[in-house]
Amino acid sequence: MDMLIGGKHISSEDLQEVKNPYDGEIIDMVPIAHRQTADLAIQQANIAKKDLAEMSAFKISNKLFNVVDKLRQNRTDFAELLSLEVGKPINESLVELDRSIETLKLAAEEAKRVYGESVPLDAGLNGKGFFAFTQRLPLGVVAAITPFNYPLNLTIHKIAPAIACKNTVIVKPPTEAPLTVMKFCELLDEEFPDGVVNTVTGYGSEIGDYLVTSPEINKISFTGSVTTGMMISQKAGMKKVTLELGGNDPMVVLKDADIDKAVKGVINGAFLNAGQVCMGVKRIIIEDEIADEFCNRLVSETEKFVMGNPLDSKTTLGTLISEKAAIQVEETVNNAVGEGAKILTGGNRDGAFYEATVVDNVVMDMDLVAFETFGPVAPIIRVNSVQEAIDVANDTDYGLQAGVFTSDYANAMKCAQEIEAGTVFINKQSTFRTDNMPFGGFKNSGVGKEGIKYAVEEMTKTKLIGLNLR
Ligand code: NAD
């Protein structure tokens, strides 16, 4: 598949294979772009700013709704391509499509709500006699750089609000899984003027880095790892930057919790997308009194996962993004076992597959939980009090989301207030998001928020216009 720049299909002398992680087959080839191509995209995105500025909010909204319809009509094709390139079970891909459609719809609605406000300058010293108001203006060109795990929905979380508030976009899709994003940008290009959306494929270290440092790009909207995010924040200069980074989300299970509900939370939170979820349940912090019973029930539910061809609707656990990624998870679990952890179920790897795995006797010193483990692993950390649970939950550089399971409102509120995370859910695992909510972590998990309305705030600048009526 070619890149899309200024409405034209552009290739490169260098091509990269996009492989199905399930069987290693080549699905497609995409260009490896170099700086010259990125320059062309930057130029085209800057030219298209004028075309977009001339479109009314009404028209932009309608066009985004047209893309909603097109995506809905092609839902199954997109989901199959997503499963092929990411290795996620088809039923999960269909959910990603539904969320993508919803995200796009929210942006189509938000395009009509980019309001300013009137400002009472007379509330300030010497402000009497003025009439003033603000306008929310586009920043210009937004570079959207996205990861492999939810390529379509996470990219739409950037492109759609950017266009809704009249920014043009250059998308750098994930290297491992660029195809659904590229195909989606073709749908957008059918509706919007050439250059409003552009795709540039290739390596993050070359193309991503070039976009980040370009003075002709006004905003970097990045989702990915903490390591890359930190590099971006150092290099971006005066550009606005939103960073949606990794997570090491805790699930706190107190002794008065509904155990079945908490077990279900782990099943849906630790193993979804083979554990490759930023807001996945990555640490289960449980009061010792109920830990044995909880583990027994968790193990029996975990053993129900069916690994297999992601395109088979009976498959409930797909592959990781690559065999290399699966080996990394295997080694991290094995190292934890070497330090005293105990595998209760799972622990085996087959190519890019890694079994749904429950590990008991985990402590925060182990790399398995000290860093983000991006795989289908549920590590159990036993504690003896609510305060200890909160302290362990906070004993990390990350702070994306958290889940607390308890039937005691006072403890629920204590945890909600003291756990350092962008979101704390009570009686729901961290692995939950609606596409309109403010989403974004504390600490190293990020800077800024997404969720359409919040992304629009981060993709606009405020101008004050004051009339001296004296
Ligand atoms: P990654 O950081 O390796 O890559 C993300 C994107 O950045 C890719 O498109 C990559 O090509 C590009 N990139 C790489 N080096 C770059 C550079 N020097 N300059 C600019 N761009 C560069 O992340 P990944 O492995 O694709 O994704 C997994 C990570 O993403 C996990 O840590 C996960 O938690 C995180 N994530 C966060 C969220 C969130 O919303 N907070 C959502 C999904 C994933």
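As the structure is a prediction and not an experimental result, all values here were calculated from the model.

(A) Quick peek at the domain arrangement of the protein. Partitioning the protein into structural domains gives domain 1 (3–245 + 445–468) and domain 2 (250–434). With centres defined by C-alpha atoms, the gap from domain 1 to domain 2 works out at 31 Å. Counting residues at the interface gives 26 residues for domain 1 and 28 residues for domain 2. At the boundary of domain 1 with domain 2, total buried surface from both sides reaches about 2100 Å², with 58% on carbon and sulfur atoms. For the domain 1 face of the interface with domain 2, the top three residues by lost area are Tyr-22, Phe-148 and Ser-445, together amounting to 25%. At the boundary of domain 1 with domain 2, the tally comes to 9 residue pairs in polar contact (both at pLDDT 80 or more). Elements with a minimum of two residues in the side of domain 1 that touches domain 2: α3 (75–86), α4 (90–110) and α5 (151–164). In terms of residues, the side of domain 1 that touches domain 2 owes the most to one element, α3, which gives 5 residues. Taken together, the residues of the side of domain 1 that touches domain 2 break down into 11 nonpolar, 7 polar and 8 charged.

(B) Molecular detail of the environment of His-9. Note that His-9 resides in strand β2 (residues 8–10). Judged by its relative accessible area of 48%, His-9 falls in the partly exposed class. With near-sequence residues (within four places) excluded, His-9 lies in contact with Asp-2, Met-3, Leu-4 and Glu-186. Side chain to side chain, His-9 and Glu-186 meet in a polar contact 3.0 Å long.

(C) A look at the pairing of strand β21 (residues 423–426). Here β21 shows a clear split, with Thr-423 and Phe-425 buried on one side and none of Val-424 and Ile-426 buried on the other. In this structure, strand β20 (residues 401–405) lies alongside β21, joined through 4 bridges in parallel fashion. Each bridged residue has a counterpart across the sheet, and for Gly-403 the counterpart in β21 is Phe-425. Note that the unit made of β20, helix α14 (residues 409–418) and β21 has a crossover that is right-handed.

(D) Focus on the site of the ligand. Lining the immediate surroundings of the ligand are 30 residues, of which Thr-146, Ser-225, Thr-228, Leu-245 and Glu-372 lie closest. One of the side-chain nitrogen or oxygen atoms of Ser-225 is found 2.7 Å away from an oxygen atom of the ligand. Among the secondary structure elements, those contributing two or more residues to the shell around the ligand are α7 (204–213), β10 (219–223) and α8 (226–235). The element best represented in the shell around the ligand is α7, accounting for 4 residues. Of the residues contributing to the shell around the ligand, the split by class is 14 nonpolar, 12 polar and 4 charged. Per-domain counts for the shell around the ligand show at least three residues from each of domain 1 (3–245 + 445–468) and domain 2 (250–434).

(E) Structural context of the sheet that holds β20. Read from one edge to the other, the open sheet built from 7 strands follows the order β14-β17-β18-β13-β12-β20-β21, with strand pairing classed as mixed. Each edge of the open sheet carries a strand with a single partner, namely β14 (342–345) and β21. Geometrically, the sheet is characterised by an average inter-axis angle of 25 degrees between neighbouring strands, direction not taken into account. Judged from the 3 bridges that link them, β14 and strand β17 (residues 357–360) form a sheet pairing that is antiparallel. Paired with Ile-343 across the two strands is Val-359, which belongs to β17. The sheet strands contacting helix α10 (residues 288–302) are β12 (249–253), β13 (281–287), β14, β17 and β18 (377–383), and the helix crosses β13 at an angle near 140 degrees.

Rules and cut-offs
Counting starts from 1 at the beginning of each chain's written sequence and moves along it residue by residue. Residue-level local features of this predicted model are given only where pLDDT is at least 70; pairs of side-chain atoms are given and counted only at 80 or more, and the full residue set underlies all totals for whole chains, interfaces and linings. Values shown for side chains rest on all heavy atoms present in the structure; no hydrogens or waters enter the calculation. Here the bounds of each domain stem from an automatic or database domain assignment. In this description, contact between two residues means that some pair of their heavy atoms is separated by no more than 4.5 Å. Reported buried area values correspond to the accessible surface (1.4 Å probe) lost by two parts on association, with both partners' losses combined. Contacts described as polar in this section are N or O atom pairs within 3.5 Å, which, within protein, must combine one atom able to donate a hydrogen with one able to accept it, while residues neighboring in sequence count only if both atoms come from side chains. Helix numbers and strand numbers start at the N terminus; a helix is a DSSP run of H or I with at least 4 residues, a strand a run of E with at least 2. All amino acids are sorted into three groups, where Ala, Val, Leu, Ile, Met, Phe, Trp, Tyr, Cys and Pro are nonpolar, Asp, Glu, Lys and Arg are charged, and the leftover types, Gly among them, are polar. For every residue, the accessible area obtained with a 1.4 Å probe (protein chains only) is divided by the maximum for its type, and the residue is called buried under 20%, exposed over 50%, and partly exposed between those limits. Whether two strands pair depends on DSSP finding at least two bridges between them. Note on handedness: a crossover is taken as right-handed if, strands pointing away from the viewer, the path from the first strand over the helix to the second is clockwise. In this text, near means that some heavy atom of the residue lies within 4 Å of the molecule or strand in question. As a rule, the C-alpha atoms of each element are fitted with a line to give its axis, helices using only the stretch in contact, and angles between N-to-C directions run from 0 to 180 degrees.

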